[in-house]
Amino acid sequence: MVEIYGEVAPGKTRTPFLKREIQKFNSICLALVSKVSKLNRLLKMSDVKLAVLGGKGTGKSALTVRFLTKRFIGEYASNFESIYNKQLCLEGKPLNLEIYDPCSQSQKAKCSLTSELHWADGFVIVYDISDRPSFAFAKAIIYRIREPPTSHCKRMVEPAVVLVGNKQDLCHKREVGWEEGQKLATDFRCQFCELSAADQSLEVEVMFLRFIKDILMIFKHKEKRRPSGSKSMAKLINNVFGKRRKSV
Ligand SMILES: Nc1nc2c(ncn2[C@@H]2O[C@H](COP(=O)(O)OP(=O)(O)OP(=O)(O)O)[C@@H](O)[C@H]2O)c(=O)[nH]1
């Protein structure tokens, strides 16, 4: 609570005193608003939703499970879809991560991706470097994601995409060159990496974390574009007391 109290000195009018006090009050309010909004930002937990897509047997589950548990299991049930949930702390901020790993049967049928495009903040598109058809399938998914939005699916910003060439340990059987993957990614504004879910735990972790950080940056830019609650509040205070100052 801020109390404004004072006596008018003999020979002086009340106006300059009140003006100063209102200015002080105004700046205290602005400082408080900025502290509260900082606190809000610290406490606010972001939600990040990723969809891991790609051809059958490319290693979508292996990559997801490797990231979540640091383990490579080898064989994964592929006849049901899963949404994994994990709480993370990135740069000191809590984060609720959801990863969607679809089942292989629905992959081809689901190339429409309509529900995924609504749901996900980012897409991890996986192909197997030793399997050319899986690269063609990854390309088709990227084309679909980068299609201009239709009237019923308008997004403010285009979703983040990382293209992953998995099974790098099988490079003696390579059918897709590194340059091809890199070019596809560059042409469609995607990140790109090649790695092996089987052999490279750290690389898998770095790929996911870097991608999540990029998505958080996109969130930040989106927030900057719309006036935040604290800014509107500051504007309100300025309007009320700014106008009053002029009339005092
Ligand atoms: N050599 C090698 N094999 C891998 C790698 N990642 C996954 N695999 C194997 O590839 C096969 C398919 O892996 P999954 O993770 O089930 O692939 P998926 O894309 O989820 O498969 P579906 O759900 O059936 O579409 C399994 O036998 C894995 O052990 C890798 O980096 N290197």
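Here, the structure is the one placed above.
Residues numbered from 1 in each chain as written. Predicted model: local features only at pLDDT ≥ 70, side-chain atom pairs only at ≥ 80, totals over all residues. Heavy atoms only, no water.

Draft legend 1. Just the site of the ligand, in detail. Neighbouring the ligand are 21 residues, the closest being Lys60, Ala62, Gly74, Glu75 and Asp169. Within the backbone of glycine 57, a nitrogen or oxygen atom sits 3.2 Å from an oxygen atom of the ligand. Notes on the ligand: free accessible area 650 Å², of which the protein chains cover 86%. No other element matches the three residues that helix α2 (residues 60-69) contributes to the shell around the ligand. Among the residues forming the shell around the ligand, the class breakdown is six nonpolar, 10 polar and five charged. (Near = heavy atom within 4 Å. Polar contact = N/O pair within 3.5 Å; in protein donor to acceptor, adjacent residues only side chain to side chain. Areas by Shrake-Rupley, 256 points an atom, 1.4 Å probe, with all protein chains shown as cover. Helix = DSSP H or I, 4+ residues; strand = E, 2+ residues; numbered from the N terminus. Nonpolar A, V, L, I, M, F, W, Y, C, P; charged D, E, K, R; others polar.)

Draft legend 2. Spotlight on the pattern of salt bridges. Per the stated rule, a full pass over the model turns up nine salt bridges. A salt bridge links glutamate 158 to arginine 146, with the shortest nitrogen-to-oxygen separation between them at 3.8 Å. Here the residue glutamate 158 occupies a position in the loop between α5 (132-146) and β5 (160-166), and arginine 146 occupies one in helix α5, the gap between them amounting to 12 residues. In the salt-bridge network here, residues are joined through shared partners; they are Arg146, Glu158 and Arg189. (Salt bridge = Lys/Arg side-chain N within 4 Å of Asp/Glu carboxyl O.)

Draft legend 3. Examining the pairing of strand β2 (residues 82-90) more closely. Where β2 lies against strand β3 (residues 93-101), nine bridges are found, and the strand directions are antiparallel. In the sheet register, leucine 88 faces β3, and the bridge partner there is leucine 95. The antiparallel hairpin formed by β2 and β3 contains two residues in its connecting segment, where glutamate 91 sits at a positive phi of about 50°. (Pairing = 2+ DSSP bridges.)

Draft legend 4. Spatial organisation of the environment of serine 201. Position of serine 201 relative to the elements: it lies in helix α7 (residues 201-225). A relative accessible area of 22% means that serine 201 is categorised as partly exposed. With 142 residues separating them along the chain, serine 201 and glycine 59 place their C-alpha atoms 13 Å apart. Contacts of serine 201, omitting those with residues within four sequence positions, involve Arg66 and Lys70. (Buried < 20%, exposed > 50% of the residue type's maximum accessible area, 1.4 Å probe, protein only. Contact = heavy atoms within 4.5 Å.)

Draft legend 5. Quick peek at the sheet that holds strand β4 (residues 122-128). Spatial ordering of the open sheet is given by β2-β3-β1-β4-β5-β6, a layout of six strands whose pairing is mixed. One side of each edge strand has no neighbouring strand; the edge strands of this open sheet are β2 and β6 (191-194). Within this sheet the neighbouring strands show an average axis-to-axis angle of 20°, counted without direction. Two elements, strand β1 (residues 46-54) and β4, share five bridges in a ladder whose sense is parallel. (Axes fitted to C-alpha atoms, helices over the stretch in contact; angles between N-to-C directions.)

Draft legend 6. Local environment of the pairing of β1. As paired elements, β1 and β3 share six bridges and run parallel to each other. Its bridge partner being in β3, lysine 49 is matched across the sheet by glutamate 98.

Draft legend 7. The arrangement of α5 in detail. Look at α5: 21 Å from first C-alpha to last across 15 residues, which is about the 21 Å you get at 1.5 Å a residue. Those residues of α5 not exposed but buried are Ser134, Phe135, Phe137, Ala138, Ile141, Ile142, Ile145 and Arg146. Mapping the buried residues of α5 onto a view down its axis gives an arc of 165°, with all of them on the same face. (Expected span 1.5 Å × (residues − 1). Arc of directions from axis to C-beta.)

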